[in-house]
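# Working through the structure, step by step
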Amino acid sequence: MQQAKASIARARRPVSFSGAGLSAESGIATFRGQGDSLWSQYDPMRLASEEGFRANPELVMDWYAARRSTLAAASPHAGHHALVQQTSWVHVTQNVDDLLERAGAPPDSVLHLHGSLLSDRCLLTCGYEQAVDLADPPGLRQCPQCAAPLRPTVVWFGEHLPEDTWTAARAAVQQCDLLLVVGTSAAVYPAAGLIELARENGAEILIANTDDAAAIDKRDVFVHGPAAKVLPQLFSGD
Ligand code: BJW
Ligand code: ZN
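We now turn to the structure provided with this report.

Thresholds, definitions, all that
- Residues numbered from 1 in each chain as written.
- Chains lettered and ligands numbered in written order.
- Predicted model: local features only at pLDDT ≥ 70, side-chain atom pairs only at ≥ 80, totals over all residues.
- Heavy atoms only, no water.
- Near = heavy atom within 4 Å.
- Polar contact = N/O pair within 3.5 Å; in protein donor to acceptor, adjacent residues only side chain to side chain.
- Helix = DSSP H or I, 4+ residues; strand = E, 2+ residues; numbered from the N terminus.
- Nonpolar A, V, L, I, M, F, W, Y, C, P; charged D, E, K, R; others polar.
- Buried < 20%, exposed > 50% of the residue type's maximum accessible area, 1.4 Å probe, protein only.
- Contact = heavy atoms within 4.5 Å.
- Donors = N, O, S within 2.8 Å, 3.2 Å for Na, K, Ca; no water.
- Tetrahedral: all angles 85-135°; square planar, octahedral: opposite > 155°, others 65-115°.
- Core = buried A, V, L, I, M, F, W, Y, C linked by side-chain atoms within 4.5 Å.
- Pairing = 2+ DSSP bridges.
- Axes fitted to C-alpha atoms, helices over the stretch in contact; angles between N-to-C directions.
- Parallel < 35°, antiparallel > 145°, perpendicular 65-115°, else oblique.
- Left-handed = near helix turned anticlockwise from the far one by under 90°.

### Quick look at the site of ligand 1
Close contacts around ligand 1 come from 34 residues, with Arg32, Tyr64, Arg67, Thr184 and Ser185 the closest. One of the side-chain N or O atoms of arginine 32 is found 2.7 Å from an oxygen atom in ligand 1. At 2.6 Å from an oxygen atom of ligand 1 is found a side-chain nitrogen or oxygen belonging to threonine 184. Among the elements of the structure, helix H2 (21–24) and helix H6 (57–73) are those that each provide at least two residues to the shell around ligand 1. Among the residues forming the shell around ligand 1, the class breakdown is 16 nonpolar, 13 polar and 5 charged.

Structural data, given as structure tokens:
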């Protein structure tokens, strides 16, 4: 912990890179691992791919409605608050929730690589997008512009990341001197490649995770523990 705090104190261009583990203690399920993780209960390609959506759009929208209701009832925890209090940091996340924003991150300041649960968009290319009320999530409905189905504005398997967001995240990581990697299995590309990109550019890598297996490179500094506990400790003055 002391080594990690010293790295943070030294950093001039720090970036955070988070995954589902960041929001786990707010009651948002992670994707991989045992217990309540999403992929231990559901087949990812049936629910998080365009192919799966086309095969059974009602099933996919029902799954998203359940996740949106859970998110509506959730609140950011001390770890989200500790992160967003670092106003000079760039925050890059794979998470589709808005808990960093609800913890006080300015609108559009968080780079969401995998999109957001807060809106739906047209499955086709007409460009229609609509905000969603998380507390009253929609089921399957048609695009008012072209009658194609609407789908969540998230990035499914086989899809490209939003170009501007990806470009901004890569630029921030290329220039960073510290990358704080929180609560991700780093199993999904191209997002996980940001860690190697930072390393190649000489940044220190700090990994905060509940699973020791997340410590993949012995040059990195690993802090074991849950995000809600570890992040406030990392940023506390003592
Ligand atoms: C704690 C904690 C606590 C727990 N405190 N820590 C082979 C076949 C098919 C595809 C591929 C393939 N090889 C590569 C691919 C590409 C694919 C990919 O990477 N697949 C791998 C899984 C193999 N990638 C893509 O398809 C991407 N697009 C792409 O490559 O485009 C290029 C292209 C396009 C077209 C043609 C050709 C090329 C897109 C990836 C999109 C990922 N989407 C999802 C779903 C988002 C929507 C939704 O939420 O519904 O994004 S999948 C899911 O995984 C989600 C997450 O953002 C992402 C990463 O997961 P994350 O955040 O790391 O969570 P977990 O659960 O994995 O880990 C949690 C961690 O937290 C663990 O380490 C715990 O220990 C820890 N933890 N509690 C701290 N309290
Ligand atoms: Zn449309």
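Read on for the rest.
### A short note on the side chain of serine 7
Looking at the secondary structure, you find serine 7 in helix H1 (residues 2–10). On the accessibility criterion, serine 7 (1% relative accessible area) is buried. Ignoring any residue separated from it by four or fewer positions in sequence, one finds serine 7 in contact with Leu178 and Glu204.

### Side note on the coordination of the zinc ion (ligand 2)
The coordination sphere of the zinc ion (ligand 2) contains the protein donors Cys122 (SG), Cys126 (SG), Cys143 (SG) and Cys146 (SG), at a distance range of 2.3 Å. Around the zinc ion (ligand 2), the 4 donor atoms are arranged such that angles at the metal cover 98 to 124 degrees; this shape is classified as tetrahedral. Every donor residue of the zinc ion (ligand 2) comes from the same chain, spaced as C-x3-C-x16-C-x2-C. In this pair, cysteine 126 is assigned in the loop between strand S4 (115–122) and strand S5 (129–131) and cysteine 143 in the loop between S5 and strand S6 (150–154), connecting sequence segments 17 residues apart. A residue is classified by how much of its surface remains accessible, and cysteine 143, at 3% relative accessible area, is buried.

### Digging into the nonpolar core
Leu180, Leu231, Leu234 and Phe235 are the most contacted members of the largest nonpolar core, which has 24 residues in total. Among the elements of the structure, H1, helix H7 (78–84), strand S7 (178–182), strand S8 (204–209), strand S9 (221–224) and helix H11 (227–235) are those that each provide at least two residues to this core. In terms of residue count, H11 provides more of this core than any other element does, 5 residues in total. Ignoring any residue separated from it by four or fewer positions in sequence, one finds phenylalanine 235 in contact with Ile8, Ala82, Leu83, Gln86, Trp89 and Leu180. With 23 residues, the next largest nonpolar core counts Leu113, Trp166, Leu197 and Ala214 among its residues.

### Focus on the sheet that holds S7
Pairing in this open sheet of 6 strands is parallel, and the strands run S3-S2-S1-S7-S8-S9 from one edge to the other. With one partner strand each, in any of the chains shown, strand S3 (110–112) and S9 form the two edges of the open sheet. Averaged over all adjacent pairs, the angle separating strand axes in this sheet is 20 degrees, with direction ignored. The sheet contact formed by strand S1 (residues 14–18) and strand S2 (residues 90–93) spans 4 bridges and is parallel. Within the sheet, the bridge partner assigned to serine 18 lies in S2 and is threonine 93. In the packing of helix H9 (residues 163–175) onto the sheet, the strands contacted are S1, S2, S3 and S7, and the crossing angle to S3 comes to about 120 degrees.

### Things to note about the sheet that holds S5
Strand order in the open sheet made by the 3 strands is S5-S4-S6, with antiparallel pairing throughout. Strands at the two margins of the open sheet, each flanked by one partner only, are S5 and S6. Each neighbouring strand pair of the sheet contributes to a mean axis angle of 40 degrees, computed without reference to strand direction. By the bridge criterion, 4 bridges tie S4 to S6 in an arrangement that is antiparallel.

### Things to note about the packing of H1 against H11
Following both chains from N to C, one finds H1 and H11 inclined at 55 degrees, their axes separated by 9 Å at the closest point. The angle between H1 and H11 falls in the class oblique. The element H1 and its partner H11 pack so that their crossing is right-handed. For the pair formed by H1 and H11, the contact residues are Ala4, Lys5 and Ile8 on the first element and Gln233, Leu234 and Phe235 on the second.

### With respect to the environment of phenylalanine 222
Take phenylalanine 222: it is sitting in strand S9. You can call phenylalanine 222 partly exposed: its relative accessible area is 27%. When the C-alpha positions of phenylalanine 222 and glutamine 3 are compared, they lie 9.5 Å apart, and in sequence the two are 219 residues distant. Sequence-distant contacts of phenylalanine 222, that is, excluding residues within four places in its chain, are made with Ile207, Asn209, Asp211, Asp212, Ala214 and Ala215.

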